[in-house]
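Residue strings, one per chain:
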Amino acid sequence: MFEKYAQLFKVLGDENRLKIIELLIKGETCSCTLIDNLSISQPTLSYHLKLISEVGLAKSVREGNWIKYYINKDMLTDIKIFIEKIRDSEEEQCSL
């Protein structure tokens, strides 16, 4: 479980990927729309979208020649639950 979230938080640790996620939360879109709102190149955007998709934060659907991306809201819920579990877990002390 921790390995999954460690990878997820690595993806979230990049400013450009956070901007992409913010844009995807606003609604399904193609990379041509995303690139217009970011100051990165198309290959860099593709790389970031690949990483975001690999951890399950984004999904894509092909419509003709276009690939549209959208946020996986179930994954956002999973992250929220994970963080709440950490926040609410009882303190355990290491005994020396």
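Rules used throughout
- Residues numbered from 1 in each chain as written.
- Predicted model: local features only at pLDDT ≥ 70, side-chain atom pairs only at ≥ 80, totals over all residues.
- Heavy atoms only, no water.
- Salt bridge = Lys/Arg side-chain N within 4 Å of Asp/Glu carboxyl O.
- Helix = DSSP H or I, 4+ residues; strand = E, 2+ residues; numbered from the N terminus.
- Buried < 20%, exposed > 50% of the residue type's maximum accessible area, 1.4 Å probe, protein only.
- Axes fitted to C-alpha atoms, helices over the stretch in contact; angles between N-to-C directions.
- Parallel < 35°, antiparallel > 145°, perpendicular 65-115°, else oblique.
- Left-handed = near helix turned anticlockwise from the far one by under 90°.
- Contact = heavy atoms within 4.5 Å.
- Expected span 1.5 Å × (residues − 1).
- Arc of directions from axis to C-beta.

Asker: For this particular structure, what's the right way to read the pattern of salt bridges?
Answerer: Two side chains carrying opposite charge are able to pair once their charged atoms lie near each other. Applying the stated criterion across every chain, the model contains four salt bridges. Among the ionic pairs, Lys50 bridges to Glu54, the shortest N-O distance being 3.4 Å. Here Glu54 and Lys50 lie together in helix α4 (residues 42-54), a separation of four residues that amounts to about one turn. Across the salt bridge formed by Arg87 and Asp88, the nearest N and O atoms sit 2.8 Å from each other. Taken as a pair, Arg87 and Asp88 share a single burial class, namely exposed.

Asker: Looking at this structure, how should I read the packing of helix α1 (residues 2-12) against helix α5 (residues 73-88)?
Answerer: Between two packed helices, both the angle of their axes relative to each other and the distance between the axes serve to describe the pair. For the pair α1 and α5, interaxial distance at closest approach is 12 Å and the crossing angle is 110°. With respect to each other, α1 and α5 are oriented roughly perpendicular. Between α1 and α5 lies a crossing of left-handed hand. On α5, the residues that touch Phe2, Lys4, Tyr5, Leu8, Phe9 and Leu12 of α1 are Met75, Asp78, Ile79, Phe82 and Ile83.

Asker: Got a minute to help me understand α4 in this structure?
Answerer: For α4, spanning 13 residues, the distance from its first C-alpha to its last is 18 Å, which sits close to the expected 18 Å at 1.5 Å a residue. Looking at α4, one finds that the buried residues are Leu45, His48, Leu49, Leu51 and Ile52. Taken around the axis of α4, the buried residues stretch over an arc of 160°, which confines them to a single face. Seen from the buried face of α4, the exposed residues on the opposite side, beyond 90 degrees, are Pro43 and Glu54. Lining the buried residues of α4 we find α1, α2 (15-25), α3 (31-36), β2 (58-63) and β3 (66-71).

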